[in-house]
Amino acid sequence: MSLFCIKQGVKDKMSQKENVPLVGILMGSDSDLSVMEEAFKALDAFEVSYEVRILSAHRSPEATSAYAQSAADRGIRVLIAGAGWAAHLAGVLAADTVLPVIGVPIDSSPLQGMDSLLATVQMPPGIPVATMAIGKGGARNAALFAVQILALQDPALADKLRAQKRKMADEVVFDKNRKLEEFLAARKPGTMGR
């Protein structure tokens with residue numbers, strides 16, 4: 001099982017070990033990389049260490065099972081799984097670990113990700129998978145959800161999350177409304193809605 005990518009160099013405050021990935025990001029194919037890269041960016045912004053691997057629920061089931069079974073012992077705290085088509089990766093991982101698993105449906109099939117969404121969200125009772133939206137937004141939210149899980153035991157990470165939420169609120173209240181006011185000021189009176 002080869003390591004596709006690893007983000008290290010961030011001190012793991014919870015285990016006091018250096019370079020221990022806290023999040024495992026898995027994808028069913030290298031074609032999913034352009035979507036799952038959004039998760040990398042979000043984790044990088046919060047300085048959360050992670051590792052990335054390509055594993056398939058269907059093409060490499062033994063390696064996928066072995067990864068899930070070993071993840072917690074290696075320091076992984078949360079798994080994110082992105083897959084398209086009949087997206088069983090997140091469910092297969094969840095069947096073999098007690099770690100939280102977050103699924104990201106990938107819009108790579110002729111059904112534009114609806115098949116992936118249903119395959120990921122419809123887990124049988126007893127095999128929970130937190131399922132995000134289809135595509136890049138879902139990948140970003142999966143990473144942010146992983147950060148929220150980790151922040152339960154890391155006050156500094158929780159502070160970063162609060163700061164990010166304040167920044168988003170400020171962007172809406174100040175920046176976006178300023179742009180709206182500029183737009184409205186440039187329009188001729190009485191032309192709205194035409």
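Everything numeric in this text was worked out from a predicted model, so none of it was measured. (Residues numbered from 1 in each chain as written. Predicted model: local features only at pLDDT ≥ 70, side-chain atom pairs only at ≥ 80, totals over all residues. Heavy atoms only, no water.)

K.L.:
Any chance you could explain the UniProt feature "binding site: substrate" (unreviewed entry) in the protein chain here in plain terms?
P.N.:
Taken from the UniProt record, the annotation "binding site: substrate" (unreviewed entry) applies to Ser-29, Asp-32 and Arg-59. Lining the largest pocket, from the residues just named, are Ser-29, Asp-32 and Arg-59. With respect to the helices, strands and loops of the structure, Ser-29 is situated in the loop between strand E4 (23-27) and helix H1 (33-45). Ignoring sequence-local partners within four residues, the contact set of Ser-29 consists of Ile-54 and Arg-59. One polar contact links Ser-29 to Asp-30, side chain to side chain, over a distance of 3.3 Å. Relative to the helices and strands, Arg-59 resides in the loop between strand E5 (50-54) and helix H2 (61-71). Judged by its relative accessible area of 63%, Arg-59 falls in the exposed class. Filtering out sequence-adjacent residues up to four positions away, Arg-59 remains in contact with Gly-28 and Ser-29. Looking at Arg-59, its side chain comes within polar contact range of the main-chain oxygen of Gly-28, at 2.9 Å. (UniProt positions renumbered as here; feature names shortened; annotations may be inferred. 1 Å grid on protein atoms, 1.4 Å probe; cavity = no way out; pocket = protein on both sides within 12 Å on 5 of 7 lines; lining within 4 Å. Helix = DSSP H or I, 4+ residues; strand = E, 2+ residues; numbered from the N terminus. Contact = heavy atoms within 4.5 Å. Polar contact = N/O pair within 3.5 Å; in protein donor to acceptor, adjacent residues only side chain to side chain. Buried < 20%, exposed > 50% of the residue type's maximum accessible area, 1.4 Å probe, protein only.)

K.L.:
Explanation requested: the layout of surface pockets in the structure shown.
P.N.:
If a probe the size of a water molecule is rolled over the atoms, the empty space left behind becomes visible. Within this model, the largest pocket holds a volume of roughly 230 Å³. Contributing to the lining of the largest pocket are 17 residues, with Gly-28, Arg-59, Ala-83, Gly-84 and Trp-85 lying nearest its centre. Its residues assigned to classes, the lining of the largest pocket shows seven nonpolar, eight polar and two charged. (Points joined across faces, edges and corners; volume = space filled by probe spheres on them. Nonpolar A, V, L, I, M, F, W, Y, C, P; charged D, E, K, R; others polar.)

K.L.:
Can you help me understand H1 in this one?
P.N.:
For the α-helix, the turn length of 3.6 residues means that residues three or four positions removed from each other point alike. Spanning 13 residues, H1 covers 18 Å between terminal C-alpha atoms, matching the ideal 18 Å at 1.5 Å per step. Along H1, the positions that sit buried rather than exposed are Val-35, Met-36, Glu-38, Ala-39, Phe-40, Ala-42 and Leu-43. For H1, the elements touching its buried residues are E4, E5, strand E6 (78-84), strand E7 (101-106) and helix H5 (136-151). Immediately beyond the C-terminal end of H1, within one or two residues, lies Glu-47, with a positive phi of roughly 55°. (Expected span 1.5 Å × (residues − 1).)

K.L.:
What is the right way to look at the nonpolar core in this model?
P.N.:
Generally speaking, a soluble globular protein has its nonpolar side chains buried in company with each other. If you look at the biggest cluster of nonpolar residues, it comprises 31 residues, and the most contacted ones within it are Val-23, Ile-25, Met-36, Leu-43, Val-48 and Ile-80. Broken down by secondary-structure element, the contributors of at least two residues to this core are E4, H1, E5, E6, E7, H5 and helix H6 (155-186). Residues contacting Ile-25, with those up to four places away along its chain left out, are Met-36, Ala-39, Phe-40, Leu-43, Tyr-50, Glu-51, Val-52, Arg-53 and Ile-80. (Core = buried A, V, L, I, M, F, W, Y, C linked by side-chain atoms within 4.5 Å.)

K.L.:
Mind showing me how you'd approach the side chain of Ser-109 here?
P.N.:
The residue Ser-109 is located in the loop between E7 and helix H4 (114-121) in this model. Dropping the residues within four chain positions of it, Ser-109 is found in contact with Trp-85 and Asp-115.

K.L.:
How should I be thinking about the side chain of Thr-64 in this particular structure?
P.N.:
Among the secondary structure elements, Thr-64 is positioned in helix H2. Judged by relative accessible area, Thr-64 falls into the buried class, the value being 0%. Among the polar contacts listed, one links the side chain of Thr-64 to the backbone oxygen of Ser-56, at a separation of 3.0 Å. In this structure the side chain of Thr-64 is engaged in a polar contact, spanning 2.9 Å, whose partner is the backbone oxygen of Ser-60.

K.L.:
Help me understand the environment of Ala-94 in this model?
P.N.:
For Ala-94, the location among the structural elements is in helix H3 (residues 89-95). C-alpha separation for the pair Ala-94 and Ala-81, spaced 13 residues apart in sequence, amounts to 9.9 Å.

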